[in-house]
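Structural description and commentary
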Amino acid sequence: MAKKKEQHRSETKPKEDGALRLADSLGEDVLSKLKIAKEELSQAESKAEEARKEQMIKERKEREANKSFAELLDEFEGKTRKY
């Protein structure tokens, strides 16, 4: 059974003699456009993540400001019970 595994491994190795890569078949201008698009996408994702975090902070502050008297009292009593 070990012999079969060894044979299978040798078959899955990529052949480097004459094999073209995708980057080789594409032109330099296409590669540069792809790199630019990738950078733009990563910047857009980071901006969206930052906006999401800011929105969460804003919502948390609004919840804190809109607490009822009972919620504030419960919170205060919870802190004083420790002592």
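1. Looking at the overall build of the chain
Looking only at helices and strands, the chain has four helices and zero strands in total. Listed N to C, the secondary structure of the chain is α-α-α-α in terms of helices and strands. Within the chain, the fraction of its 83 residues that count as buried is 0%.

2. Observations regarding the pattern of salt bridges
With the rule as written, the count across this model stands at three salt bridges. Note that Glu-64 and Lys-67 form a salt bridge whose closest N and O atoms lie 3.4 Å from each other. Overlapping salt bridges, with partners in common, bring together Glu-64, Lys-67 and Glu-75 in one network.

3. A short note on the environment of Ser-42
Its location among the elements puts Ser-42 in helix H3 (residues 28–65). By relative accessible area, Ser-42 is classed as partly exposed at 41%. Here the side chain of Ser-42 touches Glu-39 through a polar contact of 2.8 Å, landing on its backbone oxygen.

4. Let's talk about a nonpolar patch on the surface
Together, Phe-69, Leu-73 and Phe-76 line one region of the surface with nonpolar side chains, adding up to about 350 Å² of accessible area. As for its position among the elements, Phe-69 is in helix H4 (residues 69–80).

5. Description of the confidence of the model for the chain
Per-residue confidence for the chain averages 80 on the pLDDT scale, and 69% of its residues sit at or above 70. The least confident element of the chain is helix H1 (residues 2–12), whose mean pLDDT is 56; the most confident is H3, at 94.

Cut-off values and rules
- Residues numbered from 1 in each chain as written.
- Predicted model: local features only at pLDDT ≥ 70, side-chain atom pairs only at ≥ 80, totals over all residues.
- Heavy atoms only, no water.
- Helix = DSSP H or I, 4+ residues; strand = E, 2+ residues; numbered from the N terminus.
- Buried < 20%, exposed > 50% of the residue type's maximum accessible area, 1.4 Å probe, protein only.
- Salt bridge = Lys/Arg side-chain N within 4 Å of Asp/Glu carboxyl O.
- Polar contact = N/O pair within 3.5 Å; in protein donor to acceptor, adjacent residues only side chain to side chain.
- Patch = residues over 30% accessible without salt bridge, like charges linked within 9 Å, V, L, I, M, F, W, Y side chains within 5 Å.
- Areas by Shrake-Rupley, 256 points an atom, 1.4 Å probe, with all protein chains shown as cover.
- pLDDT = per-residue confidence, 0-100.

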